[in-house]
Amino acid sequence: MHKVPEALSGARVIDPDQVCDAVAVLADGEKVAEAATVLDVLGEANRLSILLALQHAGDLCVSDLAVAVGMSDSAVSHALRLLRAHGMVTAHRQGRLVRYRLTDGLARRVLEVVSAAAVSVGTLHAHGAEDAS
């Protein structure tokens with residue numbers, strides 16, 4: 001049986017079952033905060049462009065990303081440091097190059113939704129007839 005949490009018992013409530021449901025879905029404040037951080041990071045156009053490029057074109061190095069998204073190498077490196085700090089990309093060395101890769105998780109799932117609305121992808125050279133998503 002649903003009821004308003006004890007700490008909120010004195011509050012004016014119109015529909016206690018709905019309030020209980022709303023409180024229940026927000027109970028894991030840490031996960032809500034994590035989701036807000038992902039959305040905040042994705043909310044900047046340059047970082048979003050970098051992530052979309054990685055999602056659809058695959059692993060890329062800084063200089064290739066810079067050309068693809070129209071930014072300087074140093075600006076891309078700075079954005080990638082932030083994206084790595086938030087666990088959205090990883091780096092792996094391939095000879096002398098460091099390539100960046102999109103990680104699995106909430107950011108990838110959000111990017112799938114964003115891609116459906118914002119990305120027009122035909123045939124991609126590196127991935128044949130299908131994109132990398």
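Here the structure is shown first, and the text comes after it.
The structure displayed is predicted, hence computed values, not measured ones.

Q: Residues and numbers for the pattern of salt bridges, please.
A: Scanning the entire structure with this criterion turns up two salt bridges. Where Asp59 meets Arg101, a salt bridge forms, and the shortest distance between an N and an O atom there is 2.6 Å. One end of the pair, Asp59, is in the loop between α3 (45-57) and β1 (60-61); the other, Arg101, is in strand β3 (residues 97-102), with 42 residues separating them in the sequence. Assessed through its relative accessible area of 25%, Asp59 is described here as partly exposed. In this structure Arg101 comes out as partly exposed when scored by relative accessible area, which is 37%. Here Asp104 and Arg108 are joined by a salt bridge, their closest N and O atoms 3.0 Å apart. Asp104 sits in the exposed class, given a relative accessible area of 66%.

Q: Could you give me a rundown of the pairing of β3, with the residues and numbers involved?
A: Strand direction decides the pairing type here: β1 and β3, joined by two bridges, are antiparallel. Pairing of Cys61 across the sheet is with Arg99, part of β3. Pairing geometry for strand β2 (residues 89-94) and β3, over six bridges, is antiparallel. The partner of Ala91 across the bridge, within β3, is Tyr100. Hairpin remark: β2 followed by β3, antiparallel, with two residues in the connecting loop; positive phi at Gly95, about 65°.

Conventions used here
- Residues numbered from 1 in each chain as written.
- Predicted model: local features only at pLDDT ≥ 70, side-chain atom pairs only at ≥ 80, totals over all residues.
- Heavy atoms only, no water.
- Salt bridge = Lys/Arg side-chain N within 4 Å of Asp/Glu carboxyl O.
- Helix = DSSP H or I, 4+ residues; strand = E, 2+ residues; numbered from the N terminus.
- Buried < 20%, exposed > 50% of the residue type's maximum accessible area, 1.4 Å probe, protein only.
- Pairing = 2+ DSSP bridges.

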